[in-house]
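In case you want the letters, here they are:
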Amino acid sequence: MKSLTVQIPLIESSSYDIKIKAGLLKDLPKIIEDKLGVCSKMIVTDSNVKNSGHIDSLSLCGEVFVIDPPGECNKYMHTVVEILEQMEQKTMGRDSAIIAVGGGTVGDMAGFAASIFKRGVPIIHVPTTTVSQADSSIGGKTGVDSSISKNAYGAFWHPAAVFIDVETLKTLDQRQFNAGLVESIKHALISDLTYFEYLEDNIDTILNRDNATLEEVALFNSKVKSSIVSIDPKEKNQRRILNYGHTIGHAIESASNFELLHGEAVAIGIMGASIIEIELGIGNIQRLERVKKLLNKLSIPLKIPANITKEQIYSLLSRDKKSVNGWPKFALIEDIAKVHIDADNQWAHRVDPSVAGIAIDQLMG
Ligand code: GLY
């Protein structure tokens, strides 16, 4: 197996490495020691990841905080406070570090804790899901939900390093695995035709979780995500393209009461964006069918669940946290790997509600 390193030049700080290798986990205690030197470490994980054995080797090099039950139900400030207090109880100081081992929820909370502990300590991400390996471990977004909205409180806190062991994906259940691949398809759509063709040609091997193919996918993802984040780390403009398919997707995810996984809702959102592009004259049915064919390989229903109404979606869209004057902006593409950028160099656009409505109508189950 090969080990791959991607450098991410950041505007406001230095760079960090993303290392990708099947089986990397067992070498991590030494690699992390070399990277951070001798310091106290808090490993933050969840009970699923712990029970899968993914922290067995790492737990030898630090204290362990296990989030239980896993998932969004614990993604609140009180969990972050528990992490911070456990670190204080262990007399960890400014020379300590946090290592997040898990999916997006673990990474978001551990990253947020790292950003505020003693005014900031390093965070190392060891993502173990298709979503976190493709997306959330790279780019420095951290946060927790409030009782009112998702990711209401947080900070940008870039990792000291990201270590991706694709072998950890072997324990992921098929639904989670497939849903996370939607972020990979999104990355290919917004910036890399070669990647999109690679996904089309290798999707069966990917679904069989072949290590070499998964390493290649991780490298493609890292390159796409890091190139966008490095030009716009704080999502002022260009980074908004990473929300491709997410505007309608987030609304559907919320309307489903999170019964749909994030990637499943985003898959429907990508179909929505494709319909909007056709309505605006920047897309075409051939591209939509091509994207749909690849998404279909993931066995994700591409229709809005029948119990969700159009009014619910409109209402959620108007309350989207990125809304301006009660209506969100949409990231769109003109072709695979060709972002729709307007004359003012804006990478996200106001789409008339009636046009979004056409997409929602066509997606109704
Ligand atoms: N997941 C979108 C972003 O990191 O900006």
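Residues numbered from 1 in each chain as written. Predicted model: local features only at pLDDT ≥ 70, side-chain atom pairs only at ≥ 80, totals over all residues. Heavy atoms only, no water.

Chemist: Any chance you could explain the overall build of the chain here in plain terms?
Modeler: Along its length, the chain carries 13 helices and 11 strands. In terms of C-alpha radius of gyration, the chain reaches 20 Å, essentially the compact-globule figure of 21 Å for 365 residues. Across its three principal axes, the chain shows a C-alpha extent of roughly 60 × 45 × 40 Å. Relative to its 365 residues, the chain shows a buried fraction of 56%. Expressed as a percentage of contacts within the chain between residues at least 6 apart in sequence, the contacts between residues at least 24 apart total 70%. (Helix = DSSP H or I, 4+ residues; strand = E, 2+ residues; numbered from the N terminus. Rg over C-alpha atoms; globule rule 2.2 N^0.38 Å. Buried < 20%, exposed > 50% of the residue type's maximum accessible area, 1.4 Å probe, protein only. Contact = heavy atoms within 4.5 Å.)

Chemist: How do you make sense of the environment of Ser96 when you look at a structure like this?
Modeler: Tracing the chain through its elements places Ser96 in the loop between helix H3 (77-89) and strand E5 (97-102). Ser96 gets classed as buried once you look at its relative accessible area, which sits at 1%. Each C-alpha atom, one on Ser96 and one on Leu169, is 28 Å from the other, the two residues being 73 residues apart in sequence. With residues up to four places along the chain from it excluded, the contact list for Ser96 reads Cys39, Ser40, Met87, Phe117, Val121 and Pro122. A polar contact of 2.6 Å, which involves the side chain of Ser96, links it to the backbone oxygen of Gly93. (Polar contact = N/O pair within 3.5 Å; in protein donor to acceptor, adjacent residues only side chain to side chain.)

Chemist: What should I look at first to understand the site of the ligand in this one?
Modeler: Asp135, Lys141, Lys225, Glu235, Arg239 and Leu242 make up every residue found near the ligand. Within the side chain of Asp135, one N or O atom sits 3.1 Å away from a nitrogen atom of the ligand. Within the contact set of the ligand, an oxygen atom lies 3.0 Å away from a side-chain nitrogen or oxygen of Lys141. Considered on its own, the ligand offers 200 Å² of accessible surface; in the complex 88% of this is hidden by protein. A class-by-class count of the residues in the shell around the ligand yields 1 nonpolar, no polar and 5 charged. (Near = heavy atom within 4 Å. Areas by Shrake-Rupley, 256 points an atom, 1.4 Å probe, with all protein chains shown as cover. Nonpolar A, V, L, I, M, F, W, Y, C, P; charged D, E, K, R; others polar.)

Chemist: I keep staring at the packing of aromatic side chains and nothing clicks. Help me out?
Modeler: Aromatic rings in a pair are described by how distant their centres are and how their planes are angled relative to each other. All chains considered together, the criterion is met by 4 aromatic pairs. Consider the rings of Tyr195 and Phe220, whose centres lie 4.4 Å apart with planes at 10°: the pair is stacked. With a gap of 25 residues between them, Tyr195 in helix H7 (residues 193-207) and Phe220 in helix H8 (residues 211-231) connect regions that are remote in the sequence. Per residue, the accessibility class of Tyr195 equals that of Phe220, and both read buried. Between Tyr198 and Phe220 the ring centres are 5.4 Å apart and the planes differ by 50°, which places this aromatic pair in the tilted class. Taken as a pair, Tyr198 in helix H7 and Phe220 in helix H8 lie far apart in primary sequence, 22 residues in all. For the pair Tyr198 and Phe220, a shared accessibility class is recorded, and that class is buried. (Phe/Tyr/Trp six-rings, centres within 6.5 Å; stacked < 30°, edge-to-face > 60°.)

Chemist: What's the story with the state of the cysteines in this structure? I'm lost.
Modeler: Simply put, disulfide is the name for a covalent bond between the sulfur atoms of two cysteines. In this structure the tally under the stated criterion is 0 disulfides. Between Cys39, a cysteine without a disulfide, and Cys61, which holds the nearest cysteine sulfur, the sulfur-to-sulfur distance is 9.1 Å. (Disulfide = S-S within 2.5 Å.)

Chemist: So what exactly am I meant to see when it comes to unusual backbone geometry here?
Modeler: Glycine aside, a negative phi is what most residues show, and trans is what most peptide bonds show. Pro69 follows Asp68 through a cis peptide bond whose omega is 0°. Along the chain, the position of Pro69 falls in the loop between strand E4 (63-67) and H3. The backbone phi angle of Asn151 is positive, close to 50°, even though this residue is not glycine. When its relative accessible area of 30% is taken as the criterion, Asn151 is described as partly exposed.

Chemist: What am I meant to see in helix H4 (residues 104-116) here?
Modeler: Because each turn of an α-helix spans 3.6 residues, side chains separated by three or four positions end up pointing in the same direction. Compared with an ideal rise of 1.5 Å per residue, which puts 13 residues at 18 Å, H4 spans 19 Å between its outermost C-alpha atoms and is within 8% of the ideal. Among the 13 residues of H4, 11 are classified as buried, and the element is accordingly described as predominantly covered. Listing the buried residues of H4 in full gives Thr105, Val106, Gly107, Asp108, Met109, Ala110, Gly111, Phe112, Ala113, Ala114 and Ser115. The first or second residue beyond H4 is Lys118, which carries a positive phi of 50°. (Expected span 1.5 Å × (residues − 1).)

Chemist: Is there a simple way to explain the pairing of strand E7 (residues 161-164) in this structure?
Modeler: The side chains of a regular strand alternate between the sheet's two faces. A two-sided burial pattern is seen for E7, the buried positions comprising Ala161 and Phe163 on one face and Val162 and Ile164 on the other. Pairing of strand E2 (residues 15-20) with E7 involves 4 bridges; the strand directions are parallel. Bridge pairing in E7 links Asp17 to Ala161. In terms of strand pairing, strand E6 (residues 123-127) meets E7 through 2 bridges, oriented parallel. Within the sheet, the bridge partner assigned to Ile124 lies in E7 and is Ala161. Since E6 and E7 lie parallel, the crossover through helix H5 (residues 130-136) that links them has a hand, and here it is right-handed. (Pairing = 2+ DSSP bridges. Right-handed = clockwise from strand over helix to strand, strands pointing away.)

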